[in-house]
Amino acid sequence: AEPASKKVIKIGVTQSVDSMNPFLAVRLVTGSIQRMIYGFLTVPDSKTLQPSPDLAESWTTSPDGLTWTFKIRQAKWSDGQPITAADAAWTFNKMMTDDGAKTGNGPAVENFQSVTANGQELTIKLKAPQASMLDNPVPIMPKHVWEKVTDISKYEAEVYPTVGSGPYVAVEHKKDQFVRLEANPDYWRGRPKIDELQIIFYDNPAASIVGLRKGDIDLIGRLNPSDFESLKNDSNLVQWNTQGRRATYLQINHGATTSDDKPIGDGHPALKDPKVRTALHYAIDKQKLVDEVQGGLAKPADGSIVPPLYKDFFWEASGAEKVTFDLAKANKILDDAGYKKGADGIRTMPDGSRKLQFRFSIHTDTPIEDKLAEYLTGWYKELGITLTTKRLDSSKFSEETGTTALFDIAISGWSVNPDPEEVLATHLCSRRPGADGKGGGTESFYCDPTYESLYAEQQKELDRGKRAETIKKMEERLYTDAPVIALYYPNDLEGYRKDRIASITPIPEDKGLLYGGSGYWPFYTLEAVSKDGASADGGGSNAGVIAGVAGGVVVLALAGFFVLRRRGGAADERE
Amino acid sequence: MTTTVEELEQTPVRHGLLRYAATKAGGALLSIAMVIVATFFLFRMLPGDPVRALAQGRNMTPEQLDLERARLGLDKSIPEQFLHFVGQTLRFDLGVSYEYKRPVLDLIGERIGSTLLLTGTALVLAVSLGLWQGARAGWKPGSRFDKVSTAISLVLWSVPTFWLGLLLLMVFAAGIGPIPGMFPTRGSSSVDKPDGFAGVLDVGQHMVLPCLTLVAVVYAQYLLVMRSSVIDEVGQDYITTARAKGLRDDDIRRKHAVPNALLPTVTLVFMRIGFVVGGAVTVEAIFSWPGLGQLFYEAIRVPDFTLMQGTFLLITVSVILMNTLADVVYHLLDPRVRSA
Amino acid sequence: MPMLELDELSVTYRLESADVPAVRGVSLELTAGEALGLAGESGSGKSSVALALLRLLPRSAAVSGRVLLDGEDVLAMKWGRLRAVRWSSASIVFQGAQHGLNPVQRIGDQIAEPLLVHRQASGADAAARVRELLAQVGLPAWRARSYPHELSGGQRQRVMIAMALACGPQLIIADEPTTALDLMVQAQVLTLIRQLIADHGISLLMISHDLSVLADVCDRLAVMYAGRLVEVGPSSGEFRHPYSQALAAAFPTVGDPASRLAPRGLAGDPPDPQQLPGGCAFHPRCPVALESCATSDVQLRASGTDRTAACVLVGE
Amino acid sequence: MSTVAWVRRRRAIGRFWADFRTHRAGVVGLVILAVAVVLALVAPLFIDSSVTNVVSGTGEKMAPPSLDDPLGTDESGRSVLLMIWWGSRTSLLIGFLAALLSMVIGTVLGIAAGHFRRWIGAVILRVTDWFLVLPSLVTALVLAAILGGSTATIIVAIGVTSWPSTARLIRAQTLAVEARPYIERSLALGAGHWHIATRHVLPNVAPLLLASTTLEVASAIVTESTLAFLGVSANKTSWGTMLRGSYDWGAATSGAWWYILVPGLCIVTVVMAFTLCGRALETVLNPRLRTRAHA
Amino acid sequence: MLEATDLRVEFPGRGGRRARAVDGVNLSVGAGEIVALVGESGCGKTTLARTLLGLERPTSGRIVYDGTPLSYSGRALRAFRRQVQLVLQDPMGSLNPRHTVYEAVAEGPRIHGLPDEEAVVADALARAGLRPPERFFQRFPHELSGGQRQRVVIAGALALDPKVLIADEPVASLDASVRGEILSLLLRLRDDLGLSALVVTHDLGLAWNIADRVAVMYLGRIVESGPTEEVLKNPQHPYTQALLSVLPESPERIVLTGEPPDPTRIPAGCRFHPRCQLVAAGNGKPECSTRPLQILPAGTESQVACYLATT
Ligand SMILES: Nc1ncnc2c1ncn2[C@@H]1O[C@H](COP(=O)(O)OP(=O)(O)OP(=O)(O)O)[C@@H](O)[C@H]1O
Ligand SMILES: Nc1ncnc2c1ncn2[C@@H]1O[C@H](COP(=O)(O)OP(=O)(O)OP(=O)(O)O)[C@@H](O)[C@H]1O
Ligand SMILES: [Mg+2]
Ligand SMILES: [Mg+2]
C-alpha cells in the first residue's frame, strides 16, 4: 500500500517500551529510542566516544569545576519552535524539583545546585565537582510542550508525532508491539537517509531470529551466543560481533559492613582474607569460561569492571600482577596461608573452625550463570573448596547480594556507559546499606580508603587523560584487592540483513555497537538498500498469503459443509 | 380435576431465578473477597525488598529508595497496608506498576482487548469444534470417528502448550522444507497494518498460529467432556422413546441427546476458562501477542510485583465472574434447576 | 389376521463375556382390539420382547424369528419403512415415565414431535391435537408448556400415554406403566388405560410383574419365565403352570383367610439367564417337579380351552 | 480372616486385571509407564547427576544424533539421551509427588465436604469451589515465582493448585456413596463418622482416586514443564528445564531439532501413557460407567 | 417395647416452607408384635421409621424404648442401636458392594466390639436362612440373588441380637416369587426369637400377610389403627376405604382425585378433607375443613381419626 520508494528499516528488540515519557522510562530499549527522538547536551563522539557537541554547541567550566556553561545550538524542534537554553533548564529543573520526574534519570541531577537559562546559554551550578558532567544522560525536552503537563509521574506522553530535536520523530506506538519513527526532515545535522525506522518488539527471542531470517525485521541486537551462531549460514545476513559494553564479574563477600562499619550478613570468614580471594582468582580459567559459557564470543577479563570497548578508560593487568589460571599456584597460596585440607579433601580455616564451603548465588532462569557455576564448582573442588550453587529470583538476589549480604560469592555484571563513573561509584563506602541494614546501592560492600580517595580525585579532574589514569588506578585496586573478580567481557552480538541495510556505522566506528550503543549514530547513518520493493516488505506476498489463507478457510468450510450434508445416510442409522 | 391445585403450581418461577442469581452473586463476592485477601498475603510473602528489586540494574541512593518505599506504601504496618490495599482494590485501583510507573489498571486496559480477541476467538472455536466433534464421537462410541477424535484429543491433551506453539512457530512462521513461512512471527498486527477489510485480514493472519495453539490444547478437553456427556445420554430412556417415535438418528442426536448433554458441559466450559487463561500466558509469550498474558509473563520475569498482583487479581476475579455467569446461564438453560 | 404375531422370537444379548439369551423363542398372537398382559419376574425377558417389536434393542442384541405387525415383518423392514411404522402403527409407554421424557423439552413439543415426524399434522394443527390429547388423559391444556419435572409421576405417565396415542396407533405397548407409581395413582392410570382402549379399539400389550394388575386390565395373560412363555390363557381362569400359580399367590387377597399370617412364595432364586438350568428351566424351584423335568424341556401345550401351559403336569 | 481377605483381594485384583486388559490403550499406556518408571529408578545404576553437569559435557556442542550421542548433544556438548534419562527422575518425581499432594488434600477435603453436611461441609465446598475456578497455571506461576522455584516449591505450587478437582470428584462420590442405603444401615448398626469414612467411603472412592491421580500425574508433568518454560523453575534437570534450555540456547533457530523434539516427545509420551492408563482405570473402576456397560 | 409419643419431624422445604413429614404421631410396638405402617408415597412412613431409630432427630415428641427415653448422645445411641435394628427396602443398596457377606454381617459386631465374631456371623446367617453359612462368607453382594441379599441384610441386623426390627419396605424391590419367603422369615423370627417388628409398607397385602396390627398414615399422621383384621376388613376411615378399594380384587373402586398430598401445605381441619370422597360427595361436616382432629393415642385397639367415621 505504500510507495515502493519509501525506505523503511525494522529493528527487532526483545524488550518492550516501558514509557514514552523520558522522565519515567528506564529500559534500555526506551533509552535507545529517546536517543533518536531527543537531543542531549552532548553525545559520545562516534569515533572516540568522548563527549562531543549535540544540542550544546560548546561549553566552558569555571576553574573550581562547579559552574558549567553550555551554549545551546540554534536549531528547531520538530514542530518548528526554536530550541533554547530554557528548554534544557526547564528539563533539569523539572527533575530537580519534581520527584515524579526523577524516575528515569534522577541521579543525573543529584549533584546539581541550580540550572539557569539565558537565551541560548545554559548555566549549571554543581554542588561538588563532577568530571562525568559531560556524559549527562538526560534528553532535553521541549518546554513549550511539556510544561503543560500537570503530573509528570502520570503522564504517558502518547502524543504523536512527538515534538523532539533528534533525527527521528515518533509517529506511532502500539504498546507491546512496535514504535514507528519517521525521519525528522528538519534535523539540524540533516535528514536521516531512511524514511522510517520501526522498532518491533518480540517477546520470544527465537521468534525474533525467525523474523530476521524471514525478513520481518532487518536488524536485531543483543543476541545471545547461540542465536548469534544460528545466523551463520544465511547469505543475506551479517553477523555483527564486536566488543561489548558489559563486564561479568564475581562479587565476593569479603566482610560486608553497613555504612557505619558494622558487619552485616553471613559471609564466610575465609573470604575476608585477600589471599583466599586471590587464590580463587587464580583458580578461574577465564578462557575456558569464554569458550564454554560464552561460546567464544567474549574476551577473558584481565582487567576489572570497565570493558575494553572504552579504550580510554580500560585497564589491563600485566606482569606479575596479572592473574592467570594456575591451580597449583592457587593451592599453594592457600597452603601457605594455613588453610589445610582435611581428610575429605576440603580445606578448613587455619584455626580449624570452619570448612571452606562457599555458596555461589546466581539468578534463577539464567542458563549462562548455571553453566558458569558448574565450571567454578569444578575448579574450586580442585582447590579443596566446596562451592554450592544457590539460585535466587532477581528480587531476592538483589536483596541478598546488595543489602543483607547473605552470600559468599555472587555473580554480577554491569553495563558500562562511555563515562564509567557510575559503575565505579557502586563500590564506594557510601553505597553500603545504612545503619538500619536497609537501602544502599553497593555492588560489593567495598569500602577502601585508597579507592575512595582515587574516586574523589577523578571527580575533580577535568582533564580527560589525567582522569583516565586515576580511573585505571581504581580498576587496578579492584583487581588486586579482589572484592570483585572480573571474568570476561561479553561481546556485543548483533545481526542484520544485508539485502536491506546497505550500510550502518557502529559506535565507535571502529568495531563498535549497532543497537544499544550510546548515541544515535548507527541509526542516523543507516542506509537502506534501495532496490525496488525491498522496503515495501513484500506487501504483495503478504496479500498473496492472505488470499491463500482466505481461500483455504473457504475450502475447509465448504468441505465441512459437504461432510455435514452427507450425514444421514442409511449407514449412519443405528440398530 | 382440581384446577385450583393445578393453577397454584403455575406460579411463576422468576423470583426463584432472581434469588438464585443473588445467591450466586453473593458467593462470587465472597470468592472475590477471598481472592483479595489471599492476594494480599501471598504477595506479602515475597522474599526480598520489592523496592530494592525495582532498583536492580540502576543506581539509587538510599534516600531515593526510601522515597520509593514510601510512595509504594511499604513503610506502613501490615494491617495498615492491608486496609490500604483493600480500599484501593475496591476503588479499582490496582496500584502502580514498579516497572512501568503507571497504574496497573491502565496497563491492563491497554492489553485486555488483544487478550479478549485471542482467547475469545480461541474459546469460541474450541468450544464449537470440541462440542461438535465430542457429540458425534460420543453418539457412536467405538466408531472410527470416535477413535480418531479421541486419539487426537488425547495427544493434544498431553502436549505442553508452549512446545506446540514453538513447533508451530518453527514450521509455519519460519517455514521448513517445502512449507513456506506463511504466518507472521509476532504480534497481533503488522506495523503498517492496512485499513478496512485488509486490516481485518491482517489481524486474522496474525491470529492464526496463536489461536491454533490455544484451540488445539483447549478443545481436546471440551471434546472429551462432551463425548462422555453424550455417552451418558445415549443410554437414557427418552432416547429410546425418540427412536420409537420414528425419528431419524441424526435428529435424535440433535434434538434430544445434544441439548441434554450440553447442559452439564456448560459449567465445564466455563470452569475451564481458567485453563484457557493459563494457556494464553504461554501462547502470548511465544507469539509476542500484546495481551494480558504477556503482561503477566513480563511481570513475572522482571519481577514487577504490583503488576503481577494486579494481573493475577484481574484474571482471577474475571474467571470467578465467568463461572458465576455460567451458573446463572446453566440455571436459565436447564428447566430442571430453573424452578428448583 | 392377527394384529400382531410373534413367531419364535428370540433375543440374545452378545456381551463381551458371554451371550445372554434373554428371550428364547416366544410365539404370541394379538388380535385387533385385544388387551394382552405379559407377566413375569424381573429379568424374564418382558422388556426385551417389547423392544424387539419395534427393533429398538441396542446393537448388542441379536434378534431372530419374526414379528408380524399387520402382516408385515418388522425385523425385515427397510429403515424408512420401519421409521414410518414406529409410533404410527405401534407406540410404546415405558415404565420409567421419569426417564421416558426428555427433561429439557416442553411436554407439548414432545407430544407433537411424532405428529410432525410422521407428517400427520403441522404447526397449529399439531398444537390443537396436543391439547386434545392432553384432554383425553385428563390434563389441562396449559400443561403443554410444562417441563417433565414440573409434573408428578402420575401426570408424567399420562403424558406418556397421550404421546402414545398421538399418531393413532393400532397397538400400544405398555411396559410396566404403573410400577413406579403410588397405589392411588396407579389406580388412576389403570382406569385411564382401560377406558382408552375401550374407547379407541386399540390393541394393548401390557407388561407387568404384577399379575393382579394385568388381570384387571387384560383379556388374556401370558406368563414368562427365563425368556420363555410358560403359560398363555384368558385372564379370568385358574392358572395351571406351577410358576404362574406361585406368582399369583405372591399377591394375597386382602381378607382371604388362607393367606393371613401365611405369606407364600417360591423357594430358590430366579434363574440367571447366563446359566439356565437344563431341562425345564423352572424345575429347580418347582414344588411339583418330576425327575424327568431336569432333563427334558417342555413346550407350550394346550391345557383347557384357550389355555396353553409349558408343564408336563398339565394336559387335557 | 486374613486368608479370606487375601483370597478376596486376589480375586478382586484378578477381576480388575481381566477388565483392564480389555482396554488395549490402557495396557499400552501401562507398559510405557512401567518402562519409564523402571528406567528412572535404575538410572543411578548406570549414570549419575554428572551427565547434567556442563563441565563434563564431552561431545561437540549441538551435535546432531550420531552413534556416540544417539539423541545428539546440547549447547554444552552433553548427551541429550543421558540428560533425558536423568531428567526423567525429576519430571516423574514432581509428577508423582505433586499428584500425591493434590490427592491427599483433595481426598481429605473431599470426604470431609461430602460427609459433614452442616457448615463444615459448606465451608470446605466454598473453599474448594474457590480454588477450582482460580486459573491454576496462573496461580502456580505466582506461587512458584514468589516462593522461588525449587523442586519442593514446584511440587507445592502444582499440588496446591490442582487438588480442587480431586476434591470435587471425591465429594461427589462421597455424596453418592453416603446416599446409598448401606450407609444408613451402617448408621443404624451404630457406626460413627470415622467408621463410615474409612470403612465405606474411602474404599469406595479409592479406585476413582487412583484413576484421577493417574491423570493428575499427567497434568502435573505438563504443568512442571510449563512452569520451567515460563522461567519460574529453578529445578534440577527435568524435561521441562531441558526444553527451557533448548529455548534459551536457540535450539529452534539453529536447527537442533533433537534438542527440542526429544524432551517434548518424552513429555507427550509419558503424559499420554498416564492419561491412557488413567482413562482405562476410570472405565474399569468407575461403577457408573461399569453398570452402564452391563445394563 | 418401642413407643413414640406426639412425634413431629420437620424438614426445611422449598421456598422457606417447612415440610412437616411427621406431624404428631403416637405409635407403639409391643414385645413380639408385628405392626404394619401403611400409607401412600410421601406420607412420612420412612421418616417416621428413621426417627424411631434415632437417625433423624424429631422436632418434638419423644421416643421411649423399654421405658427409657431415647437420648441422642453418641454412646446412648449406640447402645440403643444394638436393640433396635433396621432393614431397608433395597437389599442391593444396603450392602456395600465392596464388602463380602461376612464383612457385611460382621460390621455390627465389630462396631460394638462383640467377641467371637465368626460364630456370631455364622449364627446370624443361619438364622436368616442362609445355610450353610460358611458357603456365603466370601461372596460379594452382586453374586447373590435379591432374596439372598435381603437375607444377608436381615442377618446383619440379627447379628446384634436386637429386640425390635424396623423394616422399611423390606420386599418392595424383590421379585414377587421371592417376597413370600422373606415375609415368612420375618414371621418365623418373631415366633422363634420373640422379635418385635415395625414393617413400613404401601402394600396392604403385605400387612394382611404378616401384621398383627396396622396403622394407616396420611400426610404425617396416623388416621386409623387397630388389629389387622378389623382395619382391613372393616375400614372406618374414608382414606383406608379408598386404599382398599383400589386393590384389583375389590369390586368397586374409589379413585381419589387430586394430587398426592404435600407436607409443606397441610390443609386445615381434617388433613384428608380436600381429597375425601365423602366430602366430595357432599357428605362432609363443616368441621372437616375447619377443626383440627385429635391425635390418635398409641393404643392397640381400633381407633380412627375422622369426623365422619361411623364408630
Ligand atoms: N442391553 C442389554 N445387554 C445385556 N443384557 C441385557 C440387556 N438388556 C437386558 N439384558 C438382560 O436380558 C434379560 C432380560 O431382560 P429384560 O429387560 O427383557 O427383562 P424384564 O423381564 O423386562 O425385567 P424387568 O421386570 O426387570 O424389567 C435380563 O437378564 C437382562 O439382564
Ligand atoms: N431429608 C429430607 N429433607 C427434606 N424433606 C424430606 C426429607 N426426607 C423426607 N422428606 C419429605 O418428607 C415427606 C415424607 O417422606 P418419607 O420418605 O417419610 O415418605 P414415605 O412415606 O416413606 O414415602 P415413600 O413411600 O415414597 O417411601 C416427603 O414429602 C419428603 O419429600
Ligand atoms: Mg423390563
Ligand atoms: Mg419410604
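Given the structure is predicted, the values throughout are model-derived calculations rather than measurements.

How each quantity is defined
Residues numbered from 1 in each chain as written. Chains lettered and ligands numbered in written order. Predicted model: local features only at pLDDT ≥ 70, side-chain atom pairs only at ≥ 80, totals over all residues. Heavy atoms only, no water. Helix = DSSP H or I, 4+ residues; strand = E, 2+ residues; numbered from the N terminus. Buried < 20%, exposed > 50% of the residue type's maximum accessible area, 1.4 Å probe, protein only. Contact = heavy atoms within 4.5 Å. Areas by Shrake-Rupley, 256 points an atom, 1.4 Å probe, with all protein chains shown as cover. Pairing = 2+ DSSP bridges. Axes fitted to C-alpha atoms, helices over the stretch in contact; angles between N-to-C directions. Phe/Tyr/Trp six-rings, centres within 6.5 Å; stacked < 30°, edge-to-face > 60°. Near = heavy atom within 4 Å. Polar contact = N/O pair within 3.5 Å; in protein donor to acceptor, adjacent residues only side chain to side chain. Nonpolar A, V, L, I, M, F, W, Y, C, P; charged D, E, K, R; others polar. Disulfide = S-S within 2.5 Å. Parallel < 35°, antiparallel > 145°, perpendicular 65-115°, else oblique. Left-handed = near helix turned anticlockwise from the far one by under 90°. Salt bridge = Lys/Arg side-chain N within 4 Å of Asp/Glu carboxyl O. Core = buried A, V, L, I, M, F, W, Y, C linked by side-chain atoms within 4.5 Å. Domains from an automatic or database assignment. Buried area = accessible area lost by both parts, 1.4 Å probe. Expected span 1.5 Å × (residues − 1). Arc of directions from axis to C-beta. UniProt positions renumbered as here; feature names shortened; annotations may be inferred.

### Structural notes on the overall build of chain B
Summing up its helical and strand segments, chain B has 15 helices and zero strands in all. Looking at chain B residue by residue over its 340 residues, the buried ones come to 58%. Residue pairs in contact within chain B that sit at least 24 positions apart in sequence constitute 72% of those at least 6 positions apart. Total accessible area computed for chain B in this model is approximately 12,900 Å², and 69% of it derives from carbon and sulfur atoms.

### Re the sheet that holds strand β2 (residues 19–30) of chain C
Residue and element names in this part refer to chain C. Pairing within the open sheet is antiparallel, and its four strands lie in the order β2-β1-β4-β5. With one partner strand each, in any of the chains shown, β2 and β5 (72–73) form the two edges of the open sheet. In the packing of helix α1 (residues 46–53) onto the sheet, contacts are made with β1 (4–14), β2 and β4 (61–69), and the angle to β1 comes to roughly 115 degrees.

### Some points on the packing of aromatic side chains
Residues and elements named next belong to chain A. For the structure shown, the criterion picks out 40 aromatic pairs over all chains. Arranged with centres 6.4 Å apart and planes meeting at 45 degrees, the rings of Trp240 and Tyr496 form a pair that is tilted. Residue Trp240 is located in strand β12 (residues 237–243), and its partner Tyr496 is located in strand β18 (residues 484–497); the two are separated by 256 residues in the primary sequence. Here Tyr496 falls in the buried class, since its relative accessible area comes to 10%.

### Remarks on the site of ligand 2
Residue and element names in this part refer to chain E. Surveying the vicinity of ligand 2 reveals the residues Phe11, Ala21, Glu40, Ser41, Gly42, Cys43, Gly44, Lys45, Thr46, Thr47, Glu169 and Pro263. At a separation of 3.1 Å, an oxygen atom of ligand 2 approaches a polar backbone atom of Gly44. Here Thr46 contributes a side-chain N or O atom positioned 2.4 Å from an oxygen atom of ligand 2. Out of a free accessible area of 630 Å², ligand 2 has 61% covered by protein chains. For the shell around ligand 2, the element with the most residues is helix α1 (residues 45–52), which contributes three residues. Looking at side-chain class alone, the shell around ligand 2 contains four nonpolar, five polar and three charged residues.

### Points about the state of the cysteines
Residues and elements named next belong to chain A. Inspection of the entire model under this criterion finds one disulfide over all chains. Note on cysteine connectivity: Cys429 is disulfide-linked to Cys447, with sulfurs 2.0 Å apart. Here the disulfide of Cys429 and Cys447 is right-handed, its torsion about the S-S bond being about 95 degrees. Pair noted here: Cys429 is in the loop between α11 (421–425) and α12 (449–460) and Cys447 is in the loop between α11 and α12, with a separation of 18 residues, a long-range link.

### Some words on the packing of helix α6 (residues 151–179) of chain D against helix α8 (residues 193–229) of chain D
Working note: a packed helix pair is described by the angle between its axes plus the distance between those axes. All names here are of chain D. Following both chains from N to C, one finds α6 and α8 inclined at 150 degrees, their axes separated by 8 Å at the closest point. It follows from the interaxial angle that α6 and α8 lie roughly antiparallel. The two elements α6 and α8 cross, and the hand of that crossing is right-handed. In the contact of α6 with α8, the residues fall into 12 nonpolar, nine polar and three charged.

### Comments concerning the pattern of salt bridges
Counting across every chain of the model gives 75 salt bridges over all chains. The shortest N-O distance in the salt bridge between A:Asp216 and A:Lys214 comes to 3.9 Å. Among the residues examined, A:Lys214 registers a relative accessible area of 29% and is labelled partly exposed. Residue E:Asp191 is joined to E:Arg190 by a salt bridge in which the shortest nitrogen-to-oxygen separation is 3.4 Å.

### Comments concerning the nonpolar core
Counting residues in hydrophobic clusters, the biggest one holds 170 residues, and the most contacted among them are B:Tyr222, B:Phe296 and B:Met308. Tallying contributions element by element places helix α10 (residues 257–285) of chain D first for this core, with 18 residues. Residues lining this core come from more than one domain, with at least three contributed by each of domain 1 (14–97) and domain 2 (102–323) of chain B. Not counting the four nearest positions on each side in its chain, B:Phe296 is found in contact with B:Val281, B:Met308, B:Thr311, B:Phe312, D:Val138, D:Leu141 and D:Val142. In terms of nonpolar packing, the next biggest core, distinct from the first, is built from 109 residues, E:Val22, E:Tyr102, E:Val199 and E:Ala211 among them.

### Overview of unusual backbone geometry
With omega at -5 degrees, the peptide bond leading from A:Tyr160 into A:Pro161 counts as cis. The topology assignment puts A:Pro161 in the loop between α3 (143–146) and β8 (168–174). Each neighbour pair has its own omega, and for E:Arg131 with E:Pro132 the value is -10 degrees, a cis peptide bond. If you check the backbone angles, B:Phe92 has positive phi at about 60 degrees while not being a glycine. Tracing the sequence through the fold places B:Phe92 in the loop between α5 (78–90) and α6 (104–139). Here B:Phe92 falls in the exposed class, since its relative accessible area comes to 63%.

### Brief notes about the interface of chain D and chain B
Listed as interface residues are 43 residues of chain D and, on the opposing side, 46 residues of chain B. Overall, the association of chain D and chain B removes approximately 3,800 Å² of surface from exposure, summing both partners, and the carbon and sulfur fraction of that is 80%. Seen at the junction of chain D and chain B, the total is zero salt bridges. The interface formed by chain D and chain B contains four residue pairs in polar contact (both at pLDDT 80 or more). When contributions to the side of chain D that touches chain B are tallied by element, the ones reaching two or more residues are α4 (119–133), α5 (136–147), α8, α9 (239–248), α10 and α11 (287–294) of chain D. A total of 11 residues in the side of chain D that touches chain B trace back to one element, the largest contributor, which is α10(D).

### Observations concerning the domain arrangement of chain B
Residues and elements named next belong to chain B. Assigned domains within chain B: domain 1 (14–97) and domain 2 (102–323). The straight-line distance from the C-alpha centre of domain 1 to that of domain 2 is 30 Å. Of the residues lining the interface, 16 residues belong to domain 1; the matching set on domain 2 comes to 19 residues. Carbon and sulfur atoms supply 77% of the area buried between domain 1 and domain 2, which totals about 1,600 Å² over both sides. Considering only the surface of domain 1 that becomes buried against domain 2, Phe43, Leu94 and Ser97 emerge as the three largest contributors, covering 38% of it. On inspection of domain 1 and its partner domain 2, the count reaches zero salt bridges. Going through the elements one at a time, α2 (14–44) and α5 are the ones with two or more residues in the side of domain 1 that touches domain 2. Counting residues per element, the side of domain 1 that touches domain 2 draws most heavily on α2, which supplies eight residues. Looking at the side of domain 1 that touches domain 2 residue by residue, the classes come out as 10 nonpolar, five polar and one charged.

### Considerations on α5(B)
Residue and element names in this part refer to chain B. When the terminal C-alpha atoms of α5 are compared, their 18 Å separation across 13 residues agrees well with the 18 Å that a helix rising 1.5 Å per residue should span. Burial in α5 covers these residues: Gln81, Phe85, Gln88 and Thr89. Projected onto a plane normal to the axis of α5, the buried residues spread over an arc of 95 degrees and lie on a single side. Away from the buried face of α5 by more than 90 degrees, exposed residues Pro79, Leu83 and Leu90 are located. Looking one or two residues beyond α5, the residue adopting positive phi is Phe92, at roughly 60 degrees.

### Some remarks on helix α4 (residues 117–127) of chain E
Residue and element names in this part refer to chain E. Along α4, the positions that sit buried rather than exposed are Val121, Ala122, Ala124, Leu125 and Ala126. Against α3 (101–111) and α5 (146–158) lie the buried residues of α4. Directly beyond the C-terminal end of α4, a positive phi value near 90 degrees is found at Gly129.

### With respect to the UniProt feature "transmembrane region" (unreviewed entry) in chain B
Residue and element names in this part refer to chain B. The sites that carry the UniProt feature "transmembrane region" (unreviewed entry) are, in the present numbering, residues 21–43, 112–133, 154–183, 203–225, 261–287 and 307–333. In residues 112–133, the share of helix is 100% and the share of strand is 0%. The end C-alpha atoms are 30 Å apart. Annotated as 100% helix and 0% strand, the span residues 203–225 places its first and last C-alpha atoms 31 Å apart.

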